[in-house]
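Architecture at a glance
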Amino acid sequence: MKLFHSINDFQSTKKTILTLGTFDGVHIGHKKILERITQNTENGKYESLVLTFFPHPRMVLQEKSEIKLLNTISEKTKLLEETGIENLVVHPFSESFSRLTAEEFVHSILVDQFHIQKIIIGHDHRFGRNRTADINDLIAFGAEYGFEVEQISAQEIQDVSVSSTKIRKALQEGNMTLANEYLGYNFFLTGEVVKGKQLGRTIGFPTANIQIEEDYKLIPKNGVYAVKTIIDQKEVFGMMNIGFNPTVNGEKQTIEVHLFDFDADIYGQKIEVSLLHYLREEQKFGSVDLLKAQLNQDKINASNLLGQL
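Treat the numbers as computed from the prediction; the structure is a model and nothing was measured.

This part takes up the side chain of Thr247. Its location among the elements puts Thr247 in the loop between strand S10 (234–243) and strand S11 (254–259). Within the structure, the side chain of Thr247 is placed 3.0 Å from the backbone nitrogen of Phe285, a separation counted as a polar contact. In this structure Thr247 touches Gln283, Lys284, Phe285, Ser287 and Leu291, once residues within four positions along its chain are discounted.

Below, the structure written as structure tokens:
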């Protein structure tokens, strides 16, 4: 997949079949649309293209937006590449871009820059300044400029929006089974392993502290999870705590992973941790010994669940 960081950077000798949207999560609803794009380009006559934006438009246009996203931009890029899309344009979204009229958007971007053959889009898609243009306007532009418009059905669009809403809600409730079912893959966090207080080491549960740079990434419900990561191309299972470590009076939220049967030094590495099961809520124990006993039980519970995979 070719990645372009601006609409103006895109170049191709072929006409394109494209779709556009935020594609947060790149979940099973999105994949139906993306499959439609790749099916249309199987003969090699046209190239597939996805146009997405960063920052998320709501981050730019809504002053107090506190939207949390299922993917960081690098995670979304990786997931889109796995769908077989040939070209991804991640355009910097800005207020000035939002002021383009519908005709300017169609003429200067879709036609002149992307050499559009077909656009596959939802029936409820609105675009142009103040989002005043709709699918009927797009069909009219298609007739004028010579490109096709394929509408995605109301039911399929409903599937996409319901999926996103349900995934966010499920993650906030610790319902990994539902979240992962709607995603079509295991939800994951990506971050650098940094040094923490190293308290886990003193009680036989050394942890890798995961630091996530992107503050817009959705962090699931606090608690203990059964997880999986890949280090040096090998699957490594473990358990992860998201929370404030109340037993030792922690003051800020941390993400700590204890990997089973693993003792290599991975400080400074960027790792991807997939969340498979929610084990329990975070709780404050009366002593470190009680915490250690619970961690031993968590390890047994996690191992039992992971053994079922």
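Spatially, the six strands line up as an open sheet ordered S1-S4-S3-S2-S5-S6, and their pairing is parallel. Of all the strands in the sheet, the pair left with one neighbour each is strand S1 (2–4) and strand S6 (148–152). With strand direction ignored, the average angle separating the axes of adjacent strands in the sheet is 20°. With respect to the sheet, helix H5 (residues 102–111) is in contact with strand S2 (16–20), strand S3 (47–54) and strand S5 (116–122), its orientation differing from that of S5 by roughly 125°. Sheet strands in contact with helix H6 (residues 135–145) are S5 and S6, and its direction is about 155° off that of S6.

What follows concerns the pattern of salt bridges. Considering all chains together, one arrives at twelve salt bridges under this definition. Put simply, Glu272 and Lys78 hold a salt bridge, and the shortest N to O gap is 3.1 Å. Taken together, the positions of Glu272 in strand S12 (residues 270–280) and Lys78 in helix H3 (residues 73–82) put the pair 194 residues apart, joining distant regions of the chain. The class for Glu272 is partly exposed, based on a relative accessible area of 29%. A residue is classified by how much of its surface remains accessible, and Lys78, at 31% relative accessible area, is partly exposed. Of the charged contacts, one joins Lys228 and Glu235 as a salt bridge, the two residues approaching to 3.3 Å between their closest N and O atoms.

On to the nonpolar core. Within soluble globular proteins, side chains that are nonpolar generally end up buried alongside one another. In this structure, Leu171, Phe187, Leu189, Ile210, Met240 and Leu275 are the most contacted members of the largest nonpolar core, which totals 47 residues. A total of five residues in this core trace back to one element, the largest contributor, which is helix H7 (residues 154–172). With near-sequence residues (within four places) excluded, Leu171 lies in contact with Leu70, Met176, Ala179, Phe187, Leu218, Pro220 and Lys221. Ranked by size, the runner-up nonpolar core spans 26 residues in total, among them Phe4, Leu49, Ile116 and Phe147.

Where strand S7 (residues 188–194) and strand S8 (residues 208–211) come together, three bridges link them in antiparallel fashion. Bridge pairing in S8 places Val194 opposite Asn209. As paired strands, S8 and S11 are joined by two bridges and run antiparallel to one another. Residue pairing for S11: Ala208 is matched across the bridge by Val257.

Using the criterion set out here, one finds one cavity of 30 Å³ or more in the structure. In this model, the largest cavity occupies a volume close to 50 Å³. Contributing to the lining of the largest cavity are Thr22, Phe53, Phe54, His56, Leu69, Asn71, Thr72, Ile73 and Lys76. Elements with a minimum of two residues in the lining of the largest cavity: S3 and H3. Split into classes, the residues belonging to the lining of the largest cavity amount to four nonpolar, four polar and one charged.

The rules behind these values
Residues numbered from 1 in each chain as written. Predicted model: local features only at pLDDT ≥ 70, side-chain atom pairs only at ≥ 80, totals over all residues. Heavy atoms only, no water. Helix = DSSP H or I, 4+ residues; strand = E, 2+ residues; numbered from the N terminus. Polar contact = N/O pair within 3.5 Å; in protein donor to acceptor, adjacent residues only side chain to side chain. Contact = heavy atoms within 4.5 Å. Pairing = 2+ DSSP bridges. Axes fitted to C-alpha atoms, helices over the stretch in contact; angles between N-to-C directions. Salt bridge = Lys/Arg side-chain N within 4 Å of Asp/Glu carboxyl O. Buried < 20%, exposed > 50% of the residue type's maximum accessible area, 1.4 Å probe, protein only. Core = buried A, V, L, I, M, F, W, Y, C linked by side-chain atoms within 4.5 Å. 1 Å grid on protein atoms, 1.4 Å probe; cavity = no way out; pocket = protein on both sides within 12 Å on 5 of 7 lines; lining within 4 Å. Points joined across faces, edges and corners; volume = space filled by probe spheres on them. Nonpolar A, V, L, I, M, F, W, Y, C, P; charged D, E, K, R; others polar.

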